[in-house]
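Residue strings, one per chain:
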Amino acid sequence: MKQKKTHSQPQAKSSGFLFNFILFLGFVFAVSAVGIFISGYSNFQTQWDQTEWTVATAQVVEVTDSQVNGTTVYEVEYQYETGDTTYTGTAQRTSNDLKAGDSLTIKYNPDSPAASTANLAVDMAFIIQASISAVLAVIFLYGPSLYKKKKEGGPVRRLPLR
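Because the structure is predicted, anything quoted here is derived from the model rather than measured.

Definitions and limits used
Residues numbered from 1 in each chain as written. Predicted model: local features only at pLDDT ≥ 70, side-chain atom pairs only at ≥ 80, totals over all residues. Heavy atoms only, no water. Patch = residues over 30% accessible without salt bridge, like charges linked within 9 Å, V, L, I, M, F, W, Y side chains within 5 Å. Areas by Shrake-Rupley, 256 points an atom, 1.4 Å probe, with all protein chains shown as cover. Salt bridge = Lys/Arg side-chain N within 4 Å of Asp/Glu carboxyl O. Helix = DSSP H or I, 4+ residues; strand = E, 2+ residues; numbered from the N terminus. Phe/Tyr/Trp six-rings, centres within 6.5 Å; stacked < 30°, edge-to-face > 60°. Buried < 20%, exposed > 50% of the residue type's maximum accessible area, 1.4 Å probe, protein only. Contact = heavy atoms within 4.5 Å. Pairing = 2+ DSSP bridges. Axes fitted to C-alpha atoms, helices over the stretch in contact; angles between N-to-C directions.

J.: Got a minute to help me understand a nonpolar patch on the surface in this structure?
T.: Among the surface-exposed residues, Phe17, Leu18, Phe21, Phe24 and Val28 lie close enough to one another that they form a single nonpolar patch of about 550 Å² accessible area. Following the sequence through the fold, phenylalanine 21 ends up in helix H1 (residues 17-49).

Laid out in structure tokens, this is it:
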């Protein structure tokens, strides 16, 4: 009597600790990217709106220091003129490189000259941080699936390149 040969499907192995850990890191980076974007967008939008403001030279009136979470923060009070009107503004700095009487370059809103800032450039750090976190999230979430399919000999779907 002939015995039938049966071919059983290989049983799926559990994914393993490393695979799950890498996926977990992907989720952490995804949440991090969203959190960084949400927390930094408002400040970025404010700075972006200020890029068209008028640049002026102000005079430092007073510099005071205070401790914030163990860091010395210097509050600089300055005055600037537009037309016949003198306005006052304040800026916070972490270095004590200014004293009363020094000049300080500022920007003010031409539509509302009382609004001013000593931040002359847009801070792009949050965009860079969010982008790096998003790229790492894609790598950690998509990469293990590609590796697993390649290892099992199945078809590997790649992201389309345009």
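J.: Is there a simple way to think about the packing of aromatic side chains in this case?
T.: Describing an aromatic ring pair means giving the distance of the ring centres and the angle of the ring planes. What the rule picks out here adds up to 9 aromatic pairs. Note on phenylalanine 37 and phenylalanine 126: the rings are 6.0 Å apart at their centroids and 35° apart in plane angle, and the pair reads as tilted. With a gap of 89 residues between them, phenylalanine 37 in helix H1 and phenylalanine 126 in helix H2 (residues 125-152) connect regions that are remote in the sequence. Put simply, the rings of Phe37, Tyr41, Phe44, Trp48 and Phe126 touch in pairs and so form one group of aromatic residues.

J.: Please explain the pattern of salt bridges as it appears in this structure.
T.: Should the charged atoms of two oppositely charged side chains come close, the side chains can pair. Tallied over the full model, the rule gives 2 salt bridges. The residue aspartate 97 makes a salt bridge to arginine 93 at a minimum N-O spacing of 3.0 Å. Across the pair aspartate 102 and lysine 99 runs a salt bridge whose closest N-O atoms are separated by 3.7 Å.

J.: Please explain the side chain of threonine 82 as it appears in this structure.
T.: Within the secondary structure layout, threonine 82 lies in strand S2 (residues 71-82). With relative accessibility at 13%, the residue threonine 82 sits in the buried group. When neighbours within four sequence positions are excluded, threonine 82 is seen to be in contact with Tyr87, Tyr108 and Pro113.

J.: Just to check I follow, could you spell out the sheet that holds strand S4 (residues 103-109) for this structure?
T.: Strand pairing in a sheet takes place through backbone hydrogen bonds and is either antiparallel or parallel in direction. Strand order in this open sheet of 5 strands is S3-S2-S1-S4-S5, and the pairing throughout is antiparallel. Single-partner strands in this sheet number two, and they are strand S3 (85-93) and strand S5 (112-117). With direction set aside, neighbouring strand axes in the sheet form an average angle of 40°. Direction of pairing for strand S1 (residues 54-68) relative to S2: antiparallel, over a ladder of 9 bridges. Pairing of serine 66 across the sheet is with valine 73, part of S2.

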